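# Examination of the molecular architecture
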Amino acid sequence: MRFNQRLRWQTFSSLSALWLLLAPMNAAHTQSRGLTIAANPPGTVFYALASGLAKFASEGAPYQMVVQPYSGTSTFLPLLNTGEVDFGVNNAVDMALSYQGPERLKIGGRNPFQHTPNVRLIMRGSLLMTALVVRKDSPIKTIHDIRGKRLTGEYPAQLANWYNLFGFLTGAGMKWEDVKIVPVPAVNEGIDALVQGRADVSLSAIDSAKVKEADAAVGVRHISLDCSAAGEKRLRDAVPGYYPHWLKRGQATAIVEDTCVNAYDIYLTSHKKMADPVVEGVLKSIWDNTDKLPPLHPNFKDWTRQRAVGADVTIPFHPAAIQFFKTRKLWTANVDENHRKLLALNP
């Protein structure tokens, strides 16, 4: 009996010592082989952001971070989950759907993502903004005026836009049956339908090149969502990660008056087995150079230290990121509570 207990204790001690020995070796191996950061294809906002983050994460570091483009988030999230890629640039809604998985979370009855329980948040970055758009001479003033109107929809090539419309309508207390859907494959075709008179209302990201083109051609403007207290609650409940955001007149193309649009966050992500020293090194490199990011891409203007942590993120933080933010007095009780709730879903 005593011999067995002694043997178990010796085995446990040996395994513990081996783990302590291998942990720094794993970090060193990760650094020596370089790091990958996955993103959408070249020409997209996410690829540009990943390139900027990789640039500063690599400066003065014992590794090089390289951007690995994929056709979309759904393609590389399973690889991030298993650690086959090291980091990723993702949006909050996609991460909520994949982290919770199709068995636990569906938005409007849909969740096309594979379950990725191992993904972890490194920092919250800038925000994406989307809104409805109409021709400038349209009588439509707010989302409540689109009942019975022709709205571009379906978006089979860009499911994120389907979620946008679902959130917009739900936030306004409306359903698909309240509008006449004009099927389009993607956002550019939706704006074309608006310009050509085949639709009354469409959807686009704020300040997109396509909206600038449409504004030059026929004149367009964005309209406000329902940003009342009740509307905000409906929006947040409908799509985890969405929240209303006000833009001042002239702040972006087609913002002709103060307008309430939809916003959701961009994340720098990794997986739970990523070595703590690597996470800390990457995070510190980006943290120390946030003021140098905006010249690389306009979307970096909101990639700030103040936005790095939030109590409404949709996946839990990596342990090394938690420690990093705690030392900088950013880890609040509300942030911790949200983190623990999310972590409990996939410990």
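For the structure, see preceding data.
Our subject in this report is the structure included herewith.

Scoring rules and cut-offs
Residues numbered from 1 in each chain as written. Predicted model: local features only at pLDDT ≥ 70, side-chain atom pairs only at ≥ 80, totals over all residues. Heavy atoms only, no water. Buried < 20%, exposed > 50% of the residue type's maximum accessible area, 1.4 Å probe, protein only. Helix = DSSP H or I, 4+ residues; strand = E, 2+ residues; numbered from the N terminus. Arc of directions from axis to C-beta. Contact = heavy atoms within 4.5 Å. 1 Å grid on protein atoms, 1.4 Å probe; cavity = no way out; pocket = protein on both sides within 12 Å on 5 of 7 lines; lining within 4 Å. Points joined across faces, edges and corners; volume = space filled by probe spheres on them. Nonpolar A, V, L, I, M, F, W, Y, C, P; charged D, E, K, R; others polar. Expected span 1.5 Å × (residues − 1). Pairing = 2+ DSSP bridges. Phe/Tyr/Trp six-rings, centres within 6.5 Å; stacked < 30°, edge-to-face > 60°. Core = buried A, V, L, I, M, F, W, Y, C linked by side-chain atoms within 4.5 Å.

Looking now at helix H7 (residues 209-217). Residues Lys210, Val211 and Ala214 constitute the buried set of H7. When H7 is viewed along its axis, its buried side chains cluster within an angular range of 95 degrees and face the same direction. Residues of H7 that are exposed and point over 90 degrees away from its buried face: Ala209 and Ala216. Among the structural elements, helix H6 (187-195), strand E7 (202-205) and strand E8 (220-223) are those in contact with the buried residues of H7. Positive phi shows up at Gly219, right after H7, with a value of about 85 degrees.

This part covers the layout of surface pockets. Taken as a whole, the largest pocket spans an internal volume of roughly 1500 Å³. In terms of lining, the largest pocket is formed by 47 residues, of which the most central are Val45, Phe46, Leu128, Ala205 and Tyr264. Those elements that place two or more of their residues in the lining of the largest pocket are helix H2 (45-58), helix H3 (73-82), strand E4 (119-135), helix H5 (159-171), H6, E7 and H7. If one sorts the elements of the lining of the largest pocket by residue count, H5 sits on top with five residues. Looking at the lining of the largest pocket residue by residue, the class counts come to 23 nonpolar, 18 polar and six charged.

Even without a glycine there, the phi angle at Ala254 is positive, about 70 degrees. Turning to its location among the elements, Ala254 is positioned in the loop between strand E9 (243-247) and strand E10 (259-271).

On to H5. Given 3.6 residues per helical turn, the α-helix brings residues three or four places apart onto the same face. Here H5 contains 13 residues, and its C-alpha end-to-end distance of 18 Å stays within 8% of the 18 Å for a straight helix at 1.5 Å per residue. Most of H5 is tucked away, with ten of its 13 residues classed as buried. Buried residues of H5: Asn161, Trp162, Tyr163, Asn164, Leu165, Phe166, Gly167, Phe168, Leu169 and Gly171, and no others. At the exit of H5 stands Gly173, carrying a positive phi of roughly 75 degrees.

Strand residues, when the strand is regular, have side chains that alternate between the two faces of the sheet. Two elements, strand E1 (residues 35-39) and strand E2 (residues 65-69), share five bridges in a ladder whose sense is parallel. Note that in E2 the partner of Ala38 across the bridge is Gln68.

What follows is about the pairing of E4. For E4, the tally of buried residues reaches 16 of 17 residues, placing the bulk of the element in the interior. Where E4 lies against E10, nine bridges are found, and the strand directions are antiparallel. Residue pairing for E10: Leu127 is matched across the bridge by Asp265. As judged from the four bridges shared by E4 and E7, these two strands associate in the antiparallel manner. Among the inter-strand pairings, Thr130 is bridged to a residue of E7, identified as Ala205. Pairing analysis gives four bridges linking E4 to E8, with the strands arranged antiparallel. Looking at the pairing, Val134 lines up with Arg221 of E8.

Right, let's talk about the packing of aromatic side chains for a bit. Using the criterion set out here, one finds eleven aromatic pairs in the structure. Taken together, a centroid distance of 5.0 Å and an interplanar angle of 45 degrees make the contact between Tyr242 and Tyr264 tilted. You can see Tyr242 sitting in the loop between helix H8 (229-238) and E9 and its partner Tyr264 sitting in strand E10, a full 22 residues away along the chain. In terms of burial, Tyr242 and Tyr264 fall into one category: buried. Relative to Phe324, the ring of Trp287 has its centre 5.5 Å away and its plane inclined at 80 degrees; by these criteria the two rings are edge-to-face. Of this pair, Trp287 sits in helix H9 (residues 276-287) while Phe324 sits in helix H10 (residues 319-327), placing them 37 residues apart in sequence. Classification of Trp287 by relative accessible area gives buried; the value is 8%. Among the aromatic residues, those joined into a cluster by ring pairs are Trp287, Phe317, Phe324, Phe325 and Trp331.

Counting 70 residues, the largest nonpolar core has Ile37, Phe87, Leu268, Val282, Trp303, Phe317 and Phe325 as its most contacted members. Sort the elements by how many residues they give to this core and H2 lands first, with seven residues. With near-sequence residues (within four places) excluded, Ile37 lies in contact with Ala50, Leu53, Ala54, Met65, Val66, Val67, Gln68, Phe87, Gly88, Val89 and Leu268. By size, the runner-up hydrophobic cluster in this structure holds 18 residues, among which are Ile143, Leu169, Ala172 and Val184.

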